[in-house]
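Structural features, examined
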Amino acid sequence: MLYVFHVETGSMMTYDMNLALESVAHLKGVIGRMCSIPPDKQVLLVSGGESLDSNNRVCQYSAAGTDTNPIFLFSKCTIESTTPLTPSVNYGSVDVDMNEETKYAIAMQPSYDTVLQRTKLAKKFHELAKEQTKVCEQLVHDQHLQQQGWAAVVANLEDTTKAFENKAELFEQHFNQFLQNREEHYHLLQNFRGDLEILSQIPVLPALLLNNENIDSSQAEATTLLEWITSTDRQSNMDQAVDSCFSRLEQLNETTMQALKKNIEAAIETASNKSMKEIKGLEERLSGLENIMFSNKRYVQEQEEHSIGLNQNLQRLSKLGDETILPDLCQTHSRHLSVMLKNHQQMRDILKRCTKAKEELSLNLLQRLKWVVFVQNNISDVSHKLLIYHEGLKALKNRLDIFQQVHLSPDIYLNAVGEVVRRRAFSKAFLKWAHDLSAQSDDIYKEEISRRKAFHDQFENHFLRNLFPGLEDEPPPFAAQPPNVFDNYLPELTCEDIKLLKQQLPEMASAIPEYTESSFNFMFSPNLLRSTATEQNGLTPSQDAADSSIGALLQPTSSAGHDLSPQPSIDVPSLPKEDRGFESETDTEEFEKVGQSPVDPNLPLENPPCLIQTSDKSSSQQSSTPSVHPEKEENLGSVSSQESLTMSTMKKITNLAVTGAKQWREELSTLRSCMVENSKDMRENFEELRREALERITLLQQHHEETIANLKKMLHEREQNLAMAKEELDRVEAKEGVLMAELQAKQTQALEELSSKMRCEAELELARQVTELQAEAQTRLEQTLNNAEAERKAAIKEVTDRLNREHRLELEGLRSRFKMVHASQMERSPSDTSLEKIERGDLIELAAHEAALTALRQEMSREQELAVQEGEARERKRLQAELDRERAHQMRSEAAKQVSFNEALRRVAADKDRQLDNLRQERDQLAHAISGLKEELARAEREKRELQELLRRTQLQQHRRTSRANRHVSSDAMSASSVAVVP
């Protein structure tokens, strides 16, 4: 089943699992039909705050849609409505008042029917308890899901805020960059009038408007560059654009940016309200509900035990049939029913508390969702404002770019005219030089190939070929084909147009480049190329001259053409055809030897002696002739000898020419006969070659068909691998969903267990510390009281001793005074008084002394009492101070215990975060594995396309080879027919 949870009402909806394979838009349509919520008013989120895109499939959001991790639905209609929200708390009629029914059952008279009715009532209590427990668990579960839905909303809001901050930062960068270039834009717009005046002076050359498909009829009539620019847009429109740019520059200033910054900061500050994001006390409330559910389960167990007990009593009564036990049994049942009614009332209270908690949470979430909608609307408004300003900046930048192009138009126009003239001159000179070079290179290449072929025909079957390896190589063709014509579509601008521009724009004449064809002809001249190549290769002038002379020797002459027959002026007629030279250097050397040597080795032996004798005689005659001037005679002799040598050489050349002509005629007739004989062989060879070509084409076709079949097989295998990889990816995604669900369930269970365990441990630790502190304080207080009592007794004893000492001292003083008085009286004359008088005075003195002692004792007792009272008051104050210190110490210890409790909670939260991080890492690893599989799929797709492209190229290459073979066969046929025509 596919689970969708409506967060505002707290209700769970289930749909067919096949909807997971459909698009999100289709799912919204189904939800709209079932819940009467328009699809455009629906917001679907998953855990983590990711919003479901309408174009994606539901199954692309892994681990979403389960009962523990459903898709969270938010209705904008409910959020924006002014009607009070009605949470979904109706889970059946389980809140039943059983008071009257229970009283009626208890009041029944003892009988078997009474026992039966009471047993049924107990069973009803049990069934209601189970249903109430189920409803309470569902209510608590809904509140947990509402908490998860709110967490998803907060995560989505944070993502939206982060994206808004990035967008605002990017906009600020663009705006600050615009403000930095604002003065340059002002300067550009202020100089725009001057730019138009310059454009009005620049003429449009007629060659640019002739046969130009990119120019319409209105632009073809323009004479100046300004008219050509304004032919499609009037001057007034350009003035309006300038004024508009000025006004936009005035509006987009630093003040505007500061106002936008304030709006952005206000929107971000509103979205960062932590008091609205965090629902205080929600965790404690949900924890309290969980504890209540434990007590509810205990009530269910008690109700079950009572129901089982009453049922067992009924069965025992049915078996015994003794009605004498009915009164006692009914009295026991009455007590059981009273307990069950009390438990039922407790469970009804729990149900009401759970219902009220869900209603309060739903109303709280509704207010917070309204705040979220307000924040997102505020962010959307500021984003739209930023978008408007950004579009305005783009439009202004585009217009300023156009004005910048207008400002640069004169320089670009003149440079373009110069560039066109330069390219036309360059292409003309380059093509001429390239055609000459290709013709010369082709002649040299063909002559060299013909010479090597002739030598190969002579040297192929000779046994000396093993001494000369490497003679089978052939030179590669170089520059044998002339290049294609280029720059053919350029305007027909010439140097005259540049001169015209310089005449009409004298102040800009220095900015107009000028090129002529002669400069490029000089660039491609042979001497310049040879000197450049010499400098690049590091050759000396003498080496370059030697190379040029060798190149001159290798160049064919016009008289030679392509005739491969032996030259009559070089070869000796008596030599056989196989022994004649084939290279131009060898022929030149033989010709020099023939011209310089007086003896020809191929002439008869009698001719050289005649020539030598003639020269000797003439020289001897010249030497023997007397002369007046010896130097003139020597010069005359050398001249005459050279003249005779030249004459003999000319005669010899004439004889050789006649002999060569005869030999040429004979060889020509022989060649013609050979050609006639070989024409038949050529036709046979052509037919054989054609058969071989057809067989080769057939083999190539078979080979290519096999290659194509192999490629198709490889392509099929790639497709199978691709399908298997897709299936593997689907399995991995499904496995990832299951793993994520299991991980989330384990995470929730572990967090609950860890939280309860840490809470119990913290409470036990706190109770232990409180007990220890109380015991320590009690001990310290008793010790303090004992010390105070001992000090009080010591002080009382000290005061008593001091008073006793003072009393004794005073008594001794009184006795001494009495003795002195008595002694003074004894010194008087006895006649003056009688014995009776003396005794009476003593008695009087003794009585006064006793009275004084009594008064002194009383005074001392009063002083003693006052001292004792002062000591007690002082000790009481000291003890009160000690008690105050103990209370302060106890308060500090309680604060320390609270700090330790908070630290324990913080460690629990840290462990929870660490576990969440581990789960996120596992999720990232799974996502990385999925991305790797996706890359593998993409790579397989690329390989598939490459194989298809290879198959296409192979087919195209096969077609080309077939056409090339057909052309080759046709060319061989044409050459064979031309050979047959030669005789």
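Along each chain, residues carry numbers from 1 onward, in the same order as the chain's sequence is written. Selection of residues for local features in this predicted model requires a pLDDT of at least 70, selection of side-chain atom pairs for listing and counting requires 80 or more, and totals for whole chains, interfaces and linings are taken over all residues. As a convention, hydrogens and water are excluded, and side-chain values are obtained from all of the structure's heavy atoms.

Cross-referencing UniProt, the feature "coiled-coil region" (unreviewed entry) maps to residues 676-735 and 774-805 in the present numbering. Helix and strand assignments come from DSSP, with helices taken as H or I runs of at least 4 residues and strands as E runs of at least 2, each series counted from the N terminus. The span residues 774-805 shows a helical share of 100% and a strand share of 0%, and its end C-alpha atoms are spaced 46 Å apart. UniProt positions are given in the numbering used here, feature names are shortened, and annotations may be inferred rather than shown by experiment.

Turning to the environment of Pro-110, a few remarks are in order. Counting through the fold element by element, Pro-110 comes out in the loop between α3 (99-107) and α4 (112-180). Here the term buried applies to any residue with accessible area under 20% of the maximum for its type, exposed to any over 50%, and partly exposed to those in between, with areas from a 1.4 Å probe on protein chains only. Note on Pro-110: relative accessible area 39%, which makes it partly exposed. When the C-alpha atoms of Pro-110 and Cys-330 are compared, they prove to be 5.8 Å apart, with 220 residues separating the residues in sequence. Filtering out sequence-adjacent residues up to four positions away, Pro-110 remains in contact with Leu-326, Pro-327 and Cys-330. Contacts are assigned to residue pairs that have any heavy atoms within 4.5 Å of one another.

Looking now at the pairing of strand β1 (residues 2-6). Along any regular strand the residues' side chains alternate between the sheet's two faces. Among the 5 residues that make up β1, 4 are buried, leaving the element largely enclosed by the rest of the structure. Note on pairing: DSSP must find at least two bridges between two strands before they are called paired. Linkage of β1 to strand β2 (residues 11-15), two consecutive antiparallel strands, is achieved through a turn of 4 residues, within which Gly-10 is found at a positive phi near 70°.

At Ser-36, a position not held by glycine, the phi torsion is positive, near 60°. With respect to the helices, strands and loops of the structure, Ser-36 is situated in the loop between α1 (24-35) and β3 (42-45). On the basis of relative accessibility, which here comes to 65%, the residue Ser-36 falls in the exposed class. In this model, Asp-487 sits at a positive phi of 55°, which is unusual for a non-glycine residue. Within the secondary structure, Asp-487 sits in the loop between α14 (326-459) and α15 (495-504).

Attention shifts here to the nonpolar core. Formed by 87 residues in total, the largest nonpolar core has its most connected members in Trp-150, Leu-386, Phe-403, Tyr-413 and Leu-493. Here this core gets 24 residues from one element, more than from any other, and that element is α14. Ignoring sequence-local partners within four residues, the contact set of Phe-403 consists of Leu-188, Leu-189, Phe-192, Ala-241, Val-242 and Cys-245. Each nonpolar core is a collection of buried residues, namely Ala, Val, Leu, Ile, Met, Phe, Trp, Tyr and Cys, held together in the definition by side-chain atoms within 4.5 Å. Counting 18 residues, the second-largest nonpolar core is a separate cluster that includes Leu-2, Leu-52, Tyr-61 and Leu-73.

All right, on to a nonpolar patch on the surface then. By definition, no residue in a patch forms a salt bridge, and every one has over 30% relative accessible area; like charges are joined within 9 Å, nonpolar side chains (Val, Leu, Ile, Met, Phe, Trp, Tyr) within 5 Å. All accessible areas in this document rest on Shrake-Rupley with a 1.4 Å probe, and a residue is counted as covered only by the protein chains that are shown. The term salt bridge refers to a pairing of a side-chain nitrogen on Lys or Arg with a carboxyl oxygen on Asp or Glu at a separation within 4 Å. On the surface, Phe-455, Phe-463, Leu-464, Leu-467, Phe-468 and Leu-471 cluster together to form a nonpolar patch covering roughly 600 Å² of accessible area. Along the polypeptide, Leu-467 turns up in the loop between α14 and α15.

Quick look at the state of the cysteines now. Working definition: a disulfide is two cysteine sulfur atoms within 2.5 Å of each other. Across all of its chains, the model carries 0 disulfides by this definition. A disulfide-free cysteine, Cys-354 has its sulfur positioned 4.2 Å from the sulfur of Cys-136, the nearest such atom. For Cys-354, a relative accessible area of 0% gives the class buried.

Another aspect to go through is the environment of Lys-735. By the secondary structure assignment, Lys-735 is in helix α21 (residues 630-826). C-alpha of Lys-735 to C-alpha of Ala-63: the two residues are 672 residues apart in sequence and 9.5 Å apart in space.

With that settled, the discussion passes to the sheet that holds β3. Within the open sheet, the 4 strands sit side by side as β2-β1-β4-β3. Their pairing is mixed. Since the sheet does not close on itself, it has two edges, and those belong to β2 and β3, each with one partner. Across the sheet, the mean angle from the axis of one strand to that of its neighbour is 30°, orientation sign disregarded. Here 5 bridges tie β1 to β2, and the two strands are oriented antiparallel to one another. Bridge pairing in β2 links Val-4 to Met-13. A fitted line through C-alpha atoms serves as each axis, taken over the contacting stretch for helices, and the angle formed by two N-to-C directions is quoted from 0 to 180°.

Further remarks concern the confidence of the model for the protein. The score called pLDDT rates the predictor's confidence residue by residue, from a low of 0 to a high of 100. Counting all residues, the mean pLDDT for the protein is 76, and 77% of those residues have values of 70 or more. Of the regions scoring below 50 in pLDDT, residues 826-844 engages in 3 contacts with residues more than four places distant in sequence or in other chains. Low pLDDT, under 50, characterises residues 977-983; the stretch is placed with 6 contacts to residues that sit more than four places away or in other chains.

Turning to the packing of aromatic side chains, a few remarks are in order. Centres within 6.5 Å make a pair out of two Phe, Tyr or Trp rings, where for Trp the six-membered ring is used; the pair is then stacked when the planes are under 30 degrees apart, edge-to-face when over 60, and tilted otherwise. A full pass over the atoms with the stated rule returns 9 aromatic pairs. Here Phe-175 and Phe-178 contribute two aromatic rings whose centre-to-centre distance is 6.2 Å and whose plane-to-plane angle is 65°, an arrangement assigned as edge-to-face. Of this pair, Phe-175 and Phe-178 both sit in helix α4, 3 residues apart, roughly one helical turn. Overall, the relative accessible area of 0% leaves Phe-175 in the buried class. Judged by centre distance (4.8 Å) and plane angle (55°), the rings of Phe-192 and Phe-403 are tilted. Here Phe-192 is found in helix α6 (residues 192-201), whereas its partner Phe-403 is found in helix α14, with 211 residues between them in sequence. Comparing Phe-192 with Phe-403 shows no difference in burial state: the two are buried. Each member of the aromatic cluster is reached from another via a ring pair, and the members are Phe-426, Phe-430, Trp-433 and Phe-486. Between Arg-298 and the ring centre of Tyr-299, over which it is positioned, the NZ or CZ distance is 4.9 Å. When the NZ atom of lysine or the CZ atom of arginine is within 6 Å of a ring's centre and also within 35 degrees of its normal, the charge is said to sit over that ring.

Glancing now at the side chain of Lys-28. Residue placement: Lys-28 occurs in helix α1. In contact with Lys-28, not counting residues within four places along its chain, are Pro-39, Gln-42, Leu-44 and Ser-54.

Across the interface, α4 lies against helix α11 (residues 254-271) with an axial gap of 11 Å and an inter-helix angle of 170°. In this view, α4 runs roughly antiparallel relative to α11, as classed from their interaxial angle. Taking contact as the criterion, the partners of Leu-157, Thr-161, Phe-164, Glu-165, Ala-168, Phe-171, Glu-172, Phe-175 and Leu-179 in α4 are, on α11, Glu-254, Met-257, Leu-260, Lys-261, Ile-264, Ala-267, Ile-268 and Ala-271. In these notes the angle categories are as follows: under 35 degrees is roughly parallel, over 145 is roughly antiparallel, 65 to 115 is roughly perpendicular, and the rest is oblique.

On the surface, Glu-677, Asp-681, Glu-684, Glu-688, Glu-692 and Glu-695 cluster together to form a negatively charged patch. Tracing the sequence through the fold places Glu-695 in helix α21. His is not counted here, nor are the chain ends, while Lys and Arg score as positive and Asp and Glu score as negative. One atom stands in for each charge, and that atom is NZ of Lys, CZ of Arg, CG of Asp or CD of Glu.

The next subject is α6. Looking only at α6, the buried set comprises Phe-192, Asp-195, Leu-196 and Leu-199. Buried residues in α6, looked at end-on, bunch into an arc of 100°, giving them a common side. Regarding the arc, it is the one traced by the directions from the helix axis to the C-beta atoms.

Turning to the environment of Glu-943, a few remarks are in order. In this fold, Glu-943 is placed in helix α22 (residues 835-981). Sequence separation between Glu-943 and Leu-715 is 228 residues, and the spatial gap between their C-alpha atoms is 8.7 Å.

In this section: the packing of α4 against α14. For the pair α4 and α14, the least separation of the axes is 8 Å and the interaxial angle reads 15°. In terms of orientation, α4 lies roughly parallel with respect to α14. As α4 packs across α14, the resulting crossing turns out to be left-handed. Note on residue classes: Ala, Val, Leu, Ile, Met, Phe, Trp, Tyr, Cys and Pro are nonpolar, Asp, Glu, Lys and Arg are charged, and everything else, Gly too, is polar. Grouping the amino acids of the contact of α4 with α14 by side-chain chemistry returns 42 nonpolar, 19 polar and 6 charged. Put simply, a crossing is left-handed when the front helix is turned counterclockwise from the back one by less than a right angle, and right-handed when it is turned clockwise.

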